[in-house]
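Topology and contacts: notes
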Amino acid sequence: FKIWEDNGTEHTAESVIISTGATAKYLGVPGEETYLGRGVSACATCDGFFFRDKIVAVVGGGDSAMEEATFLTKFATKVYVIHRRDTLRASKVMADRALANPKIRFEWNSAVKEIKDVTLGKVTGVVLESTIDGSTKDLACDGVFVAIGHQPNTGLFKDQLPMDANGYLVTDGVKTVVDGCYAAGDVWDTHYRQAITAAGMGCQAAIDAIRFIEANEH
């Protein structure tokens, strides 16, 4: 295998493990980058504990958003779900679970325009814009969880390894279709997306890579 850095430096290897992961999609609104990791998060299981007895908002309408919102009710006193439409994209079982939870409130036909308040140094709420008439209103909350999906970091493998419609690598466990090339973590895992499971896959890939090298020694 040969791998090139952006500066042209070439590396050769007898086996390759791809662990480039996936990047959470964010809203790109004012205040979001300022409070990323300090009130704005893309992982409820990572940061939910810090919002015990607080009010939080979850942005999104799919299965991930419903799962995040339901999980956050273990800690938060109230969870707002902000969705651009008036119906959820989530599966019926996930949607019904969230809709039946008394701690979850829905802000339909709404998009986050801004996360406040930069001048106060902490998240105090969001500015919502109606997707119907463009009107705005303030919604008070202590944290914002963005659950609008992830983008796998697989662009450099285009036309080299098979991917699904969303760009995730298609593998058999940690094995790719290329002998000696393995993949671990969120670069193909769309289900668990946890550091501990990615680490386990990395261990599997490392063991398989060692065995591949030993089997092909000359």
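Details of the structure are given in the entry above.
Computed from a prediction, not measured in an experiment: that's the story for all the values here.

1. Some details on the pairing of strand β6 (residues 55-59)
Regular strands place side chains that alternate from one sheet face to the opposite one. In terms of burial, β6 is a largely internal element, four of the five residues being buried. In this structure, β6 lies alongside strand β7 (residues 78-82), joined through five bridges in parallel fashion. Residue pairing across strands places I55 opposite K78, the latter belonging to β7. In this fold, β6 hands off to helix α2 (residues 63-72), which returns the chain to β7; that crossover is right-handed. Alignment of β6 against strand β12 (residues 143-146), held across four bridges, turns out to be parallel.

2. So, the packing of aromatic side chains
Counted under the stated rule, the structure contains five aromatic pairs. Residues F49 and F75 carry aromatic rings whose centres are separated by 6.3 Å and whose planes lie at 85° to one another, so their mutual orientation is edge-to-face. In this pair, F49 sits in the loop between α1 (44-47) and β6 while F75 sits in the loop between α2 and β7, placing the two residues 26 residues apart along the sequence. Between F106 and W108, the ring centres sit 4.9 Å apart and the planes meet at 10°, which makes this aromatic pair stacked. By relative accessible area, which is 17% here, F106 ends up buried. On the accessibility criterion, W108 (32% relative accessible area) is partly exposed. Cluster of aromatic residues (ring-pair linked, three or more members): F49, F50, F71 and F75.

3. What about the sheet that holds β7?
Ordered in space as β5-β12-β6-β7-β8, the five strands form an open sheet in which the pairing is parallel. Two strands in the sheet have a free side with no partner beyond their single neighbour: β5 (40-41) and β8 (104-107). In terms of strand pairing, β5 meets β12 through two bridges, oriented parallel. From the neighbouring strand, V40 faces β12, where its bridge partner is V144. Packing against the sheet, α2 makes contact with β6, β7, β8 and β12, and its axis sits at approximately 170° to β6.

4. Focus on the sheet that holds strand β10 (residues 125-130)
Strand order in the open sheet formed by three strands is β9-β10-β11, with antiparallel pairing between adjacent strands. This sheet does not close on itself; its edge strands, each paired only once, are β9 (110-116) and β11 (136-140). Going across the sheet, the axis of each strand differs from the next one's by a mean of 30°, ignoring polarity. Here β9 runs beside β10; their pairing, made up of six bridges, is antiparallel. Following the sheet pairing, A111 is matched in β10 by E129.

5. Topic: the state of the cysteines
Tallying each qualifying case throughout the model produces one disulfide. For the unlinked cysteine C181, the closest cysteine sulfur is that of C203, found at 18 Å. Given a relative accessible area of 6%, C181 falls into the buried group.

6. Brief notes about the nonpolar core
Residues V58, M66 and V79 are the most contacted members of the largest nonpolar core, which totals 20 residues. With four residues, the single largest contributor to this core is α2. The contacts of M66, once residues within four sequence positions are left out, are G60, G61, V81, L88, A90, M94, A95, A98 and F106.

7. Remarks on the side chain of H83
One can find H83 in the loop between β7 and α3 (92-99). Those residues in contact with H83 that sit more than four places away from it in its chain are G60, G61, L88, R89, E107, W108, N109 and S110.

8. Examining the environment of K25
Here K25 shows up in the loop between β4 (22-24) and β5. On the basis of relative accessibility, which here comes to 36%, the residue K25 falls in the partly exposed class. Sequence separation between K25 and A42 is 17 residues, and the spatial gap between their C-alpha atoms is 8.2 Å. Apart from residues no more than four positions distant in its own chain, K25 is found in contact with V146, I148, G149, H150 and Q151.

The rules behind each value
Residues numbered from 1 in each chain as written. Predicted model: local features only at pLDDT ≥ 70, side-chain atom pairs only at ≥ 80, totals over all residues. Heavy atoms only, no water. Buried < 20%, exposed > 50% of the residue type's maximum accessible area, 1.4 Å probe, protein only. Helix = DSSP H or I, 4+ residues; strand = E, 2+ residues; numbered from the N terminus. Pairing = 2+ DSSP bridges. Right-handed = clockwise from strand over helix to strand, strands pointing away. Phe/Tyr/Trp six-rings, centres within 6.5 Å; stacked < 30°, edge-to-face > 60°. Contact = heavy atoms within 4.5 Å. Axes fitted to C-alpha atoms, helices over the stretch in contact; angles between N-to-C directions. Disulfide = S-S within 2.5 Å. Core = buried A, V, L, I, M, F, W, Y, C linked by side-chain atoms within 4.5 Å.

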